[in-house]
Amino acid sequence: MSAIRQFQSWLLHHWSTLDEEERGASLVEYALLVALIAMVCIAAVTALGETTSASMSEAVSQLG
């Protein structure tokens, strides 16, 4: 049997032995991880946006 077939067989065997609860738990963990990453990104964009806005306003006032 080729290595790919062996891997496929192993993967299908282990996938079929997973409980529905384990799959559900993994889904919840991934959803929480995505939510955390989204919150960090929003906070970073907000903080950088305010800093950039203040810097640009100061530059414009010095030019004009």
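Please refer to the structure higher up on the page.
Attention in this report is confined to the structure presented alongside it. (Residues numbered from 1 in each chain as written. Predicted model: local features only at pLDDT ≥ 70, side-chain atom pairs only at ≥ 80, totals over all residues. Heavy atoms only, no water.)

### Observations regarding the overall build of the protein
Link 1 in the chain: Check the secondary structure of the protein and you find 2 helices and 0 strands.
Link 2 in the chain: The burial tally for the protein puts 0% of its 64 residues in the buried class. (Helix = DSSP H or I, 4+ residues; strand = E, 2+ residues; numbered from the N terminus. Buried < 20%, exposed > 50% of the residue type's maximum accessible area, 1.4 Å probe, protein only.)

### Some words on a nonpolar patch on the surface
Link 1 in the chain: The grouping of Y30, L33, L36, I37, M39 and V40 at the surface amounts to a nonpolar patch, some 640 Å² of accessible area in total.
Link 2 in the chain: Position of M39 relative to the elements: it lies in helix α2 (residues 20-63).
Link 3 in the chain: Of the residues examined, M39 reaches a relative accessible area of 55% and is grouped as exposed. (Patch = residues over 30% accessible without salt bridge, like charges linked within 9 Å, V, L, I, M, F, W, Y side chains within 5 Å. Areas by Shrake-Rupley, 256 points an atom, 1.4 Å probe, with all protein chains shown as cover. Salt bridge = Lys/Arg side-chain N within 4 Å of Asp/Glu carboxyl O.)

### Regarding the environment of S61
Link 1 in the chain: Structurally, the position occupied by S61 is in helix α2.
Link 2 in the chain: Owing to a relative accessible area of 52%, S61 belongs among the exposed residues under this scheme.
Link 3 in the chain: A distance of 2.8 Å separates a polar atom in the side chain of S61 from the backbone oxygen of E58. (Polar contact = N/O pair within 3.5 Å; in protein donor to acceptor, adjacent residues only side chain to side chain.)

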